[in-house]
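Here is how the chains run, residue by residue.
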Amino acid sequence: MCEIQQKLKSVLIAQGASLVGFADLRPVWKGSLKTGVSVALPLPREVVRSLPNGPVPRYYDAYCRLNGRLDRIVTAGAEYLKAEGYHAFAQTAGAVNESEDYRTELPHKTVATRSGLGWIGKCALLVTPEYGSAVRLSSILTDAPVRCGVPIAQSRCGSCTAGADVCPGKAVSGKVWSAGVDRNDFFNPYACRKAARALARERIQREITLCGRCIAACPYTKRYLAEK
Ligand code: B12
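Sequence order sets the numbering: in each chain, residues are counted from 1 along the sequence as written. Two thresholds apply to this predicted model, a pLDDT of at least 70 for residue-level local features and 80 or more for giving and counting side-chain atom pairs, whereas whole-chain, interface and lining totals are computed over all residues. To get the side-chain values, all heavy atoms of the structure are used, and hydrogens and water are removed first.

K.L.:
So what about the overall build of the protein? Which residues, and what values?
P.N.:
Numbering goes from the N terminus for both helices and strands, where a helix is a DSSP run of H or I of at least four residues and a strand is a run of E of at least two. The number of helices and strands found in the protein is 8 helices and 6 strands. When the helices and strands of the protein are placed in sequence order, the string is α-β-β-α-α-β-α-β-β-β-α-α-α-α. The C-alpha atoms of the protein give a radius of gyration of 17 Å, which matches the 17 Å a tight globule of 228 residues would have. For the protein, the spread of C-alpha atoms along the three principal axes comes to 50 × 40 × 35 Å. Exposure categories follow from relative accessible area, calculated using a 1.4 Å probe and restricted to protein chains: below 20% of the type maximum is buried, above 50% is exposed, and the middle band is partly exposed. Counting every position in the protein, which comprises 228 residues, the buried fraction comes to 47%. Residue contacts are counted whenever heavy atoms from the two residues lie within 4.5 Å of one another. Contacts in the protein between residues far apart in sequence, at least 24 positions, make up 69% of those at least 6 positions apart. For the accessible areas, the method is Shrake-Rupley and the probe is 1.4 Å, while residue cover comes only from the protein chains on display. Carbon and sulfur atoms form 50% of the exposed surface of the protein, whose accessible area is close to 11200 Å². Each radius of gyration is computed over the set of C-alpha atoms, and the globule rule expresses the reference value as 2.2 Å times the number of residues to the power 0.38.

Printed below as a string of structure tokens:
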């Protein structure tokens, strides 16, 4: 790992990042900044344990808190890179535009799989070996020279049906992801959004897309919960 990469990683970890990965984005991204830095924060175990039936107020609180922390971490990382003379763009929640069909130009999950942090589960979430799908993500784009991780291009979900079984919107078809398989070929974002918003309205009285049942059901998440 070269010096700038090591220092950037230290900055991100000092700011609170739990997982950091570096991605070669050339095959997936036409923009000028060809390196992605993926940052993940886990949902606290006690929050995930409260999710099997859908969102609860503490999940909403954690969601807001982690989003704020991620924005601060990637902003600090981008500021550090710029101070070192590189170009850098922090993909904060406010800086990313979402289209009407729920797509962004360069999703955090693409940066994450390209950096080797995990794969896309049948539930369409990033699944990491460390925390399962119980992570929130952000990313930085840059032209700083770094050694990139080995991309993960295949799912490790196997024949698992846990996410599909608990999805209140029946949004999970069960088809296995591999790099290049489009989201809409295995997951229905409209059905997910509709069911999650109904659940959030009913359970926490908020107009927000918040569910979390597939996160809690994932066997990799359960492994994270079983530790300690
Ligand atoms: C739009 C959006 C939604 C939409 C659509 C969801 C979706 N899967 O697209 C709706 C409203 C339904 C939604 C719901 C939820 N969301 Co949401 N959402 C987003 C948002 C803003 C953009 C996602 C996007 O661009 N989708 C477009 C599709 C095409 O891309 P994708 O979802 O990333 O997945 C594809 C690519 O990554 C691609 N890909 C990956 N690697 C590679 C490699 C190569 C070579 C190629 C070619 C492609 C490729 O493959 C994937 C499948 O096609 C992101 C934040 C962000 N800026 O990324 C959060 C995000 C995906 N959401 C998140 C979460 C947690 C949720 C919810 C659980 C809500 C909640 N908090 O309770 C639900 C459940 C969603 C689910 N099961 O997928 C997290 C996911 C964390 C994780 N572990 O993956 C994110 C990253 C937010 C965050 N900051 O952490 N969400």
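K.L.:
Can you explain the pairing of strand β6 (residues 135-142)? Please cite residues and give values.
P.N.:
Here is the key point about a regular strand: its side chains alternate between the two faces of the sheet. By the criterion of burial, β6 is predominantly enclosed, with 7 of the 8 residues buried. At least two DSSP bridges between two strands are needed for those strands to be called paired. Strand direction decides the pairing type here: strand β2 (residues 35-42) and β6, joined by 8 bridges, are antiparallel. The residue bridging V39 from the neighbouring strand is S138, located in β6.

K.L.:
Any chance you could break down the site of the ligand for me, citing the residues and the numbers?
P.N.:
Proximity is defined per residue: if any heavy atom of the residue lies within 4 Å of a molecule or strand, that residue is considered near it. Taken together, 35 residues sit near the ligand, with T104, T113, C123, L126 and R183 positioned nearest. Definition of a polar contact: a pair of N or O atoms within 3.5 Å, with one able to donate and the other able to accept a hydrogen when the atoms are protein atoms, and with sequence-neighbouring residues admitted only if both atoms are side-chain atoms. Between the ligand and the protein, one listed contact pairs an oxygen atom with a side-chain N or O atom of T110 at 2.8 Å. Among the elements that take part in the shell around the ligand, helix α4 (residues 108-115) stands out by supplying 4 residues, more than any other. Residues of the shell around the ligand, tallied by class, amount to 21 nonpolar, 8 polar and 6 charged. Residues were grouped as follows: Ala, Val, Leu, Ile, Met, Phe, Trp, Tyr, Cys and Pro as nonpolar; Asp, Glu, Lys and Arg as charged; and all remaining residues, including Gly, as polar.

K.L.:
Account for α4, naming residues and giving values.
P.N.:
Listing the buried residues of α4 in full gives V111, A112, T113, R114 and S115. Looking at the buried residues of α4, the elements they touch are β1 (19-24), β2, β4 (119-120), β5 (126-127) and β6. Once α4 ends, the next one or two residues include G116, with phi positive near 90°.

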